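Chain and residue survey
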Amino acid sequence: MSVLRIEQATKKFGGLVAVDHVSFELAVQGISGLVGPNGSGKTTLFHLISGFYKLDSGSIYYRDVPISGLPPHVISRMGLVRTFQQTRVLPFMTTLDNLMASAPDQAGERLSAVFFERGKVKQEETRYRERAHEILDKLQLGRVANELAGNLSYGQQRLLELGRVLMARPKIVLLDEPTAGINPTLIRKIMEILMQLRDQGIKIFLIEHNMPFVSEMCDEVFVLDAGKLIFHGTPQQARRDQGVIDAYLGREEHVA
Ligand SMILES: Nc1ncnc2c1ncn2[C@@H]1O[C@H](COP(=O)(O)OP(=O)(O)O)[C@@H](O)[C@H]1O
Ligand SMILES: [Mg+2]
């Protein structure tokens with residue numbers, strides 16, 4: 001079984017081809033990275049995979065099932081869960097309630113359950129609450145469980161976002177720049193959590209600019225440049241690949 005396969009994925013914005021006939025398949029296990037200069041199409045590709053954007057052409061398969069065209073909530077319920085480059089927590093809810101709101105398939109949301117299965121709804125809520133507290137402890141957010149999420153530090157909000165992903169019991173997690181704007185201690189924390197998830201058999205696919213992080217964490221990397229896939233291999237191979245080096249240097253020269 002393949003976990004995620006992309007075939008000739010293309011997305012245009014007007015005349016700009018943001019993702020240009022990209023094809024690849026992720027290794028079934030471990031951590032896969034998606035890297036490339038700014039504007040190379042990484043976030044757009046994540047939007048395509050998670051159903052937030054529609055492909056202009058091509059197809060995407062999750063566990064050999066075509067998911068192109070399915071809405072985001074259906075894809076996430078299938079076990080493919082993502083975070084965003086910009087942190088998205090619910091600021092006027094407590095930290096704990098942010099997690100509760102991400103629990104999958106809540107019986108309490110089904111009308112029949114509200115009327116006929118009150119006991120069951122309560123039980124399920126208790127289970128989710130326990131799970132939410134376990135996750136908060138793991139993320140060291142237990143102390144701020146009842147604090148409004150909007151009052152947490154930026155780093156804590158990023159951890160909470162990861163917590164929301166965990167609450168959804170994903171099979172594969174897509175993370176868009178999980179360490180952006182975060183201090184080194186928290187980056188370590190995030191690395192530990194991701195390694196634990198990987199060891200539990202959860203597949204991880206992440207976009208990351210922090211190259212030491214990529215080298216340490218990723219088993220394989222895919223490199224995009226101007227919407228095209230230009231490299232697939234280990235991070236060590238990527239660092240020595242002339243095409244990859246040129247892609248990065250080319251952009252930096254423009255900036256400088
Ligand atoms: N919604 C959009 N409308 C128009 N252009 C977009 C949109 N989203 C992204 N782009 C453009 O597509 C290209 C790829 O962007 P993006 O996927 O965000 O790159 P990355 O995440 O690699 O930095 C960029 O040139 C960007 O300006
Ligand atoms: Mg991006």
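Residues numbered from 1 in each chain as written. Chains lettered and ligands numbered in written order. Predicted model: local features only at pLDDT ≥ 70, side-chain atom pairs only at ≥ 80, totals over all residues.

For the rest of this paragraph, the subject is the pairing of strand E8 (residues 203-207). With 5 of 5 residues buried, E8 is to be regarded as a mostly interior element. Side chains Lys-203, Phe-205 and Ile-207 of E8 all project onto a buried face; the interleaved residues Ile-204 and Leu-206 project onto the opposite face, where all are buried too. Where strand E3 (residues 31-35) and E8 come together, 4 bridges link them in parallel fashion. When the sheet's bridge partners are listed, Ile-31 is paired in E8 with Ile-204. Relative to E8, strand E7 (residues 172-176) runs parallel, the two being bridged by 5 bridges. Looking across to E8, one finds that Val-173 is bridged to Ile-204. Between E7 and its parallel partner E8, the chain crosses via helix H7 (residues 184-199), and the hand of that crossover is right-handed. (Buried ≥ 20, exposed ≤ 12 C-beta atoms within 10 Å, placed from the backbone. Helix = DSSP H or I, 4+ residues; strand = E, 2+ residues; numbered from the N terminus. Pairing = 2+ DSSP bridges. Right-handed = clockwise from strand over helix to strand, strands pointing away.)

Okay, the domain arrangement of the protein next. Taken domain by domain, the protein holds domain 1 (29-82) and domain 2 (86-169 + 179-202). A C-alpha centroid distance of 22 Å is found between domain 1 and domain 2. Every contact between the two is made by 5 residues of domain 1 and, on the other side, 5 residues of domain 2. In terms of residue class, the side of domain 1 that touches domain 2 is made up of 2 nonpolar, 2 polar and 1 charged. (Domains from an automatic or database assignment. Contact = placed C-beta atoms within 7 Å. Nonpolar A, V, L, I, M, F, W, Y, C, P; charged D, E, K, R; others polar.)

In the neighbourhood of ligand 1, the contacting residues comprise Phe-13, Leu-16, Ala-18, Gly-36, Asn-38, Gly-39, Ser-40, Gly-41, Lys-42, Thr-43 and Thr-44. Mapped onto the shell around ligand 1, the elements with two or more residues apiece are strand E2 (16-25) and helix H1 (42-49). A per-element tally of the shell around ligand 1 places H1 first, with 3 residues. Residues belonging to the shell around ligand 1 are distributed by class as follows: 3 nonpolar, 7 polar and 1 charged. (Near = placed C-beta within 6 Å.)

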